[in-house]
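Architecture at a glance
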Amino acid sequence: MFFFDPSYVLLIPALLFAMYAQQKVSSTFRRYLKEFASSNLTGAQVARSILDAHNLAEVPVDLVKGNLTDHYDPRSRVLRLSQTVYQSSSLAAIGVAAHEAGHALQHAHNYAPLGIRNNLFPVANFGSQLAFPLFFIGFFFQTDLFMLIGIWFFIAALAFQIVTLPVEFNASNRALRLLTDGGFVTRSELPKAKAVLNAAALTYVAAAAMAASQVLRLLVLRNARRS
Ligand SMILES: [Zn+2]
């Protein structure tokens, strides 16, 4: 839900950054989808092998519809890979597969930021749906309390985006180590898998920047409305 007013310009840098990150992730992914790891294992095989080697044989590796929809589901303890990643032995595919396995290892080892992130999710999800309506009810009726509650809900959404960053960076670092230690990539292949994971990380930074800009914008709007 967008509301056009002069404060909208505050969102432009983050919007441009988000567009850049999106473009970067798809171009890098496409590029390294055409370069294959000499280990010749698919994303699904790499994920399976990492999970088995870390006593996570009970975590299944399933197929999921869509493009770049790969994720680890901590509630059902299932690793889901998109078809492209699942069946390809490209450096892009095994990079993503190892990253998702990294999330499964975080979960198994009770990595603290992951726990915080999972606990924040319902609040942030609920909050981000209510933040705009509450804020604008407060804005139009000049009720400061409603504007403030809206802003606080948005801060919860921002906190979620921020705690997502260490979770994602850590999963990627784990992935690169797992790929090297498991012999899934050679020394010269590693930087290519890393490029894919770095590009993906940018999109999370962009999401956090976007949430921060939204909070800033609402604070500016509230100030203008109060004076
Ligand atoms: Zn991730």
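Please refer to the structure higher up on the page.
Being a predicted model, the structure only gives us computed values, none of them experimental.

The subject of this paragraph is unusual backbone geometry. Of note in this structure, N55 is not a glycine but carries a positive phi near 60°. Mapped onto the fold, N55 is located in the loop between helix 2 (43-53) and strand 1 (61-64). The backbone of N110 shows a phi angle near 50°, a positive value even though the residue is not glycine. Structurally, N110 is set in the loop between helix 4 (91-108) and helix 5 (112-140). Its 8 C-beta neighbours within 10 Å are what place N110 among the exposed residues.

Relative orientation of the contacting elements helix 6 (residues 144-181) and helix 7 (residues 190-226) amounts to 170°, with a least axis distance of 10 Å. For the element pair helix 6 / helix 7, the angle class is roughly antiparallel. The residue makeup of the contact of helix 6 with helix 7, split by class, is 25 nonpolar, six polar and five charged.

In this section: the nonpolar core. Core analysis: the biggest nonpolar cluster contains 58 residues, and A47, I94, A97, A98, A101 and V196 have the highest contact counts within it. Elements that contribute at least two residues to this core include exactly helix 1 (12-32), helix 2, strand 3 (78-82), helix 3 (83-87), helix 4, helix 5, helix 6 and helix 7. Non-local contacts of V196, meaning those with residues more than four positions away in its chain, are made with T28, F29, Y32, L91, A92, G95 and V96.

Looking now at the sheet that holds strand 2 (residues 71-73). Strand order in the open sheet formed by three strands is 1-3-2, with mixed pairing between adjacent strands. Both outer strands of the open sheet, strand 1 and strand 2, are each paired with one neighbouring strand and no more. With strand direction ignored, the average angle separating the axes of adjacent strands in the sheet is 35°. When strand 1 meets strand 3, the two strands line up parallel, connected through four bridges. When the bridges of strand 3 are listed, V64 appears paired with S82. Across the face of the sheet, helix 2 comes into contact with strand 1 and strand 3 while running at roughly 160° to strand 3. This element, helix 4, spans strand 2 and strand 3 of the sheet and lies at about 165° to strand 3.

Another aspect to go through is the pairing of strand 3. Along strand 3, four of the five residues are buried, which leaves the element largely enclosed by surrounding structure. Both strand 2 and strand 3 contribute to a ladder of three bridges, which runs antiparallel. Its bridge partner being in strand 3, D73 is matched across the sheet by V78.

With that settled, consider the packing of helix 4 against helix 7. Two elements in contact, helix 4 and helix 7, have axes separated by 8 Å at closest approach and are oriented at 60°. Crossing geometry of helix 4 relative to helix 7 is assigned as right-handed. The residues of helix 7 that touch helix 4, namely those facing L91, A92, I94, G95, V96 and H99, are K192, A193, V196 and L197. Class assignment of the residues belonging to the contact of helix 4 with helix 7 gives a composition of seven nonpolar, two polar and one charged.

This part covers helix 6. In this model, helix 6 (38 residues) spans 56 Å end to end at C-alpha, consistent with the 56 Å of a helix rising 1.5 Å per residue. In the stretch just after helix 6, G183 is the one whose phi turns positive, near 70°.

Among the structural elements, L218 can be located in helix 7. Residue classification places L218 among the buried positions, given that 26 C-beta atoms sit within 10 Å. Counting along the chain gives 70 residues from L218 to L148, while the straight-line C-alpha distance between them is 9.2 Å. Those residues within four positions of L218 in sequence are excluded, and the remaining contacts are F135, G150, I151 and F154.

Basis of the calculations
- Residues numbered from 1 in each chain as written.
- Predicted model: local features only at pLDDT ≥ 70, side-chain atom pairs only at ≥ 80, totals over all residues.
- Helix = DSSP H or I, 4+ residues; strand = E, 2+ residues; numbered from the N terminus.
- Buried ≥ 20, exposed ≤ 12 C-beta atoms within 10 Å, placed from the backbone.
- Axes fitted to C-alpha atoms, helices over the stretch in contact; angles between N-to-C directions.
- Parallel < 35°, antiparallel > 145°, perpendicular 65-115°, else oblique.
- Nonpolar A, V, L, I, M, F, W, Y, C, P; charged D, E, K, R; others polar.
- Core = buried A, V, L, I, M, F, W, Y, C linked by C-beta atoms within 7 Å.
- Contact = placed C-beta atoms within 7 Å.
- Pairing = 2+ DSSP bridges.
- Left-handed = near helix turned anticlockwise from the far one by under 90°.
- Expected span 1.5 Å × (residues − 1).

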